[in-house]
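So the chains spell out like this:
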Amino acid sequence: MMPVINLSAGTGWQVKRELSKGDVSIIRLVEVLVSDAYASRASDIHLDPRGSSVMVRFRIDGVLQDIHEMILSTHLEAIARVKILSGLRTDEHNAAQDGRFRLALDIGGSVDVRVSIMPTYYGENAVLRLLSDHAAEFTLDTLDFTPENYAKIVRAAHMPHGMILATGPTGSGKTTTLYTIVKMLNVPGISIITIEDPIEYSIPGINQIQVNTRSGLTFGSGLRSLLRQDPNIIMVGEIRDVETAGLAVNTALTGHLLLSTLHTSDAPTTLPRLLDMKVEPYLIASTVNLAIAQRLVRRICRDCKRERVVRDAERASISEILPRENIVTDATYYCGAGCDACNGTGYRGRVGIHEVLEIDDTLREAIVGKASANELRVCARTKGMVPMIEDGFGKAARGDTTIEEVLRMRHE
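Structure report, in brief. (Residues numbered from 1 in each chain as written. Predicted model: local features only at pLDDT ≥ 70, side-chain atom pairs only at ≥ 80, totals over all residues. Heavy atoms only, no water.)

In this section: the overall build of the protein chain. Per the secondary structure count, the protein chain includes 15 helices and 16 strands. Taking all 412 residues of the protein chain together, the buried fraction comes to 53%. If you take every contact in the protein chain between residues at least 6 apart in sequence, the share linking residues at least 24 apart comes to 65%. (Helix = DSSP H or I, 4+ residues; strand = E, 2+ residues; numbered from the N terminus. Buried < 20%, exposed > 50% of the residue type's maximum accessible area, 1.4 Å probe, protein only. Contact = heavy atoms within 4.5 Å.)

Below, the structure written as structure tokens:
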């Protein structure tokens with residue numbers, strides 16, 4: 001059972017003020033640290049040792065921001081406090097440790113904090129990920145899919161069997177997308193089981209299993225066992241090895257709808273990636289129904305949003321990236337001027353950039369023929385797939401994000 005602490009959510013950079021007092025209570029400091037991050041919409045808190053000092057950083061809207069520099073002794077006490085809250089060993093300083101605790105906010109709601117502590121050259125580094133209950137309130141309508149991509153996902157989600165795969169780097173929102181699809185499918189008469197590492201959000205009415213390598217419960221062994229639980233729909237947190245890939249494909253072949261994630265750069269690369277995991281081409285063609293590639297870019301702050309002039313050099317660069325120039329020539333682009341609401345950054349929140357590949361008979365034939373990712377990409381374009389970069393510039397032209405953010409996503 002995770003310990004619960006009541007605290008009042010901060011409204012600014014309270015941690016700076018708390019540290020500036022000098023004689024600071026470590027218990028209060030950790031509470032304010034989490035409270036301040038929560039109020040700032042941060043997804044992660046980093047405590048990074050740097051020789052004689054430690055930098056406190058928040059990841060806000062996907063970008064790390066330096067918040068304050070604390071002295072080393074305060075950092076050591078803060079790490080010890082985090083370990084106590086997470087039920088970790090306070091006398092262990094040379095091994096990685098993972099834990100979790102929950103904070104109940106006085107303003108309403110709660111936040112789960114996932115803790116990762118790692119020994120580094122200058123001491124123990126701690127990363128605290130905030131898993132807010134609000135993140136579980138997304139619906140498919142609010143995840144920024146275009147109407148065409150939305151329709152593809154709904155079609156695939158209502159198929160009786162097969163695989164839906166979400167791809168992208170860490171922190172791109174893959175798990176949130178799968179959770180949202182699972183919630184949509186969570187209706188009476190359907191049994192849904194997930195196996196995750198870790199369980200990020202609790203969903204009522206769904207059986208969620210936590211991976212535990214110490215007891216031998218891995219994605220592979222868990223997937224093999226949960227088939228005896230008579231599920232209709234299965235979500236596997238990640239396909240990360242040959243065993244899990246093979247079991248996932250066989251599960252989809254036996255009449256189950258399976259959702260999972262992969263680490264690939266785009267949707268067409270998903271299929272060759274499964275080939276690399278020793279899955280036969282005909283099995284990939286028979287089971288994969290949909291591949292969703294995505295990234296998250298910062299959303300323009302609505303309070304300081306304004307039009308911007310696109311320079312000729314920028315238009316030329318965009319035209320080289322986009323084959324379809326109609327997105328560029330007549331588009332009006334926007335930016336954020338910076339205000340109190342966005343802390344002067346011009347951005348507040350994030351928007352999803354997507355690429356949805358629906359597998360049809362033509363693509364299945366190409367997969368069986370072991371077509372390369374580039375060949376699959378060309379084939380998918382002819383079938384109506386809109387690449388992520390085009391989806392990104394479309395959302396920039398709509399005023400959701402900026403040209404700079406789309407280009408940053410492209411180069412990351």
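This is not the end of the story, as more comes after the structure.
This part covers helix α15 (residues 403-411). The complete set of buried residues in α15 reads Ile403, Glu405, Val406 and Met409. One side of α15 carries all its buried residues, which in axial view fall inside an arc of 165°. Tucked into the core, α15 has its buried residues touching β13 (288-300), β14 (305-308), α10 (312-321), β15 (333-336), β16 (347-358) and α14 (388-397). (Arc of directions from axis to C-beta.)

In this section: the side chain of Asp391. Mapped onto the elements, Asp391 comes out in helix α14. Within the local environment of Asp391, its side chain forms a polar contact with the backbone nitrogen of His354, the two atoms lying 2.8 Å apart. With residues near it in sequence (within four places) discarded, Asp391 still touches Thr146, Gly352, Ile353, His354 and Val386. (Polar contact = N/O pair within 3.5 Å; in protein donor to acceptor, adjacent residues only side chain to side chain.)

Moving on, we come to the pattern of salt bridges. Inspection of the entire model under this criterion finds 22 salt bridges. As a salt-bridge pair, Arg102 and Asp112 come within 2.5 Å of each other at their nearest N and O atoms. Here Arg102, found in strand β5 (residues 97-105), pairs with Asp112, found in strand β6 (residues 110-120); they are 10 residues apart in sequence, far enough to count as distant. Judged by its relative accessible area of 32%, Arg102 falls in the partly exposed class. Here Asp112 falls in the buried class, since its relative accessible area comes to 6%. (Salt bridge = Lys/Arg side-chain N within 4 Å of Asp/Glu carboxyl O.)

A separate point is the nonpolar core. Judged by nonpolar contacts, the single largest core of 53 residues is most densely connected at Met163, Leu223, Ile239, Leu271, Val288, Leu357 and Phe393. Top contributing element to this core by residue count: helix α7 (residues 242-253), with five residues. Those residues in contact with Leu357 that sit more than four places away from it in its chain are Ala267, Pro268, Leu271, Asn289, Leu290, Ala291, Leu363, Ala380 and Met385. In this structure, Val30, Leu33, Val34 and Val111 belong to the second largest nonpolar core, which totals 30 residues. (Core = buried A, V, L, I, M, F, W, Y, C linked by side-chain atoms within 4.5 Å.)

Taking 1.5 Å as the rise per residue, α7 with 12 residues should run 16 Å; its terminal C-alpha atoms sit 17 Å apart, in good agreement. Residues of α7 that are buried in the fold lie against β8 (162-167), α6 (219-226), β11 (233-236), β12 (257-262) and α9 (281-287). Here α7 starts with a cap whose side-chain oxygen sits 3.3 Å from the backbone nitrogen of Glu243, and that cap is Asp241. Just beyond α7, the residue with positive phi is Gly255, at close to 95°. (Expected span 1.5 Å × (residues − 1).)

With mixed pairing, the seven strands of this open sheet are ordered in space as β10-β9-β11-β12-β8-β13-β16. Among the strands making up the open sheet, the edge pair consists of β10 (207-210) and β16. Ignoring which end each strand starts from, the neighbouring axes of this sheet average 20° apart. In this sheet, β13 lies alongside β8 in parallel orientation, the contact comprising five bridges. Residue pairing for β13: Leu165 is matched across the bridge by Ala291. Relative to β16, α14 is tilted by about 140°, and along the sheet it contacts β13 and β16. (Pairing = 2+ DSSP bridges. Axes fitted to C-alpha atoms, helices over the stretch in contact; angles between N-to-C directions.)

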